[in-house]
Amino acid sequence: MNLTVDPDDPTPPYEQLRRQLVRLVETGALAPGDRLPPLRQLAGDLGLAVGTVARSYREVEAAGLLVSRRGGGTRVAADVRPTPAPRRLRALADGFRTEARRLGFSDAEIRDALTAALEAG
Amino acid sequence: MTQTLLAVDAERREWRRVRAVRLAGTALGVGAAVLVAQWGRHGTGLMLAPAAFGLAVLLGTVVSETLARPPHPPGPRSASLTPRRVRDHLPSTTPLVLALVLVLVALLIVTTLSASADESGESRQLACTDPVVTQTHGPYAGAFYSTPLALALLLVLAVAALAAREVVLRPRGVSHSESGADAQRRESVGVVVAATGIAVGAPLVGVLLTTASALGMGSADPTCAPAWWAPTGLATGLLAVTVACGVSLLLGRLMLLPGGRR
């Protein structure tokens, strides 16, 4: 199981990491209690500053998906349950809609874009 | 296909560079050991020379695994989510090295407590007193020897722990796979363990031999020495030979690098 960071992506690296971590926890790929690598290991492997990885961990922790203990590393929270697939799809759709509206597109344009994307794939 | 071949080639070049820097550290260690061996009084330099060698090898390993690596290649970077732990990278010789450390610590405690001071007040002799005269035998690892050796041992163990951690946590570098990078890490942790074993084992052989010699010489006079000195001296001498074999094995592991299994 890998995390990937693309330096050419306009999304900040910490956000790229955060999204992947959230997805891995929500899909159940990371199970409750699973241990994550130390900040230094992940930062070194990805060529990022330790603070960048720490920010990602912190934000996922704030969402209640991770738990950090001094000396005990960072683990997936014990009470996390994978999000059911329909809810994940709905969350993706909500995110797409919110972002598209923020950019000023109308609901009709958003619907057309989604239909075109589905037909293209 | 071509990209994979290029990646494999880059990995080989990186591995060669790491080994070259590590070898330079080993050569530096030999020089440091020769210098330290000439220092000190009553053979303390000779006793501490293996620790100097081990420290130089450990530092060479850290430098080779961290500073001598090329920067990240451009483009997307990926990282495994599996935490890397030192204990997962330890070689099969680790129990031997742990045993050497335990034996050396136990032996130094016993010899320090049983040693006597010589005429200059330095605790480096084994004494036995009969009704007529007190005989002394040395050199013997009293506080004169055991204190600097214990400090050197602590330093070696601390540096070895840090070196192993640095090696395991260092990034993947240009290896085309995580398993390739892990093979390099295992090799370097193997060097760390071997260097630690040599730094501990070589002085242990010396302490065992001097202890065996002092006990043997003392037992020549049965009116002075307790009866257990002779068999204990013999057992200590045999243990010295066994430990010397173990140190030779570790030296072999340290030198026979390319492609060799640690």
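Residues numbered from 1 in each chain as written. Chains lettered and ligands numbered in written order. Predicted model: local features only at pLDDT ≥ 70, side-chain atom pairs only at ≥ 80, totals over all residues. Heavy atoms only, no water.

The name an unreviewed UniProt entry assigns to chain A is GntR family transcriptional regulator, from the organism Nocardioides flavescens.

Concerning the sheet that holds strand S3 (residues 66-69) of chain A
Residue and element names in this part refer to chain A. Taken in spatial order, the three strands line up as S2-S4-S3 in an open sheet, and their pairing is antiparallel. Bordering the open sheet on either side are strand S2 (35-36) and S3, each of which pairs with just one other strand. Strand direction decides the pairing type here: S3 and strand S4 (residues 73-76), joined by four bridges, are antiparallel. Each bridged residue has a counterpart across the sheet, and for Leu66 the counterpart in S4 is Val76. (Pairing = 2+ DSSP bridges. Helix = DSSP H or I, 4+ residues; strand = E, 2+ residues; numbered from the N terminus.)

Some remarks on the pairing of strand S3 (residues 123-129) of chain B
Residues and elements named next belong to chain B. Taking burial as the measure, the seven residues of S3 include five buried ones, the bulk of the element. Connecting the antiparallel pair strand S2 (residues 116-117) and S3 is a turn made up of five residues, with Gly121 showing a positive phi of about 85°. Where S3 lies against strand S4 (residues 134-137), four bridges are found, and the strand directions are antiparallel. Directly across from Cys128, in S4, lies its bridge partner Gln135. In sequence, S3 turns back onto S4 through a hairpin of four residues. (Buried < 20%, exposed > 50% of the residue type's maximum accessible area, 1.4 Å probe, protein only.)

Observations regarding the pattern of salt bridges
Any two side chains of opposite charge can pair, so long as their charged atoms come close to each other. Residues and elements named next belong to chain A. Overall, the coordinates contain 17 salt bridges over all chains when judged by the stated rule. Its salt-bridge partner being Arg90, residue Asp94 comes within 3.0 Å of it at the nearest N-O pair. Remark: Arg90 and Asp94 occur in helix H4 (residues 85-102); sequence separation between them is four residues, near one turn of the helix. Residue Asp107 is joined to Arg101 by a salt bridge in which the shortest nitrogen-to-oxygen separation is 3.2 Å. Since its relative accessible area comes to 38%, Asp107 is described here as partly exposed. Linked by salt bridges that have partners in common, Glu15, Arg18 and Arg19 make up one network. (Salt bridge = Lys/Arg side-chain N within 4 Å of Asp/Glu carboxyl O.)

Brief notes about the interface of chain B and chain A
Of the residues lining the interface, 17 residues belong to chain B; the matching set on chain A comes to 21 residues. Each partner contributes to the roughly 1,700 Å² buried at the junction of chain B and chain A, and carbon and sulfur atoms together form 53% of this total. When residues of chain B are sorted by the area they lose upon contact with chain A, Arg77, Ala79 and Leu81 of chain B head the list and together hold 41% of the total. Taking the shortest distance from any N to any O, the salt bridge between Glu166 of chain B and Arg40 of chain A comes out at 3.0 Å. (Contact = heavy atoms within 4.5 Å. Buried area = accessible area lost by both parts, 1.4 Å probe.)

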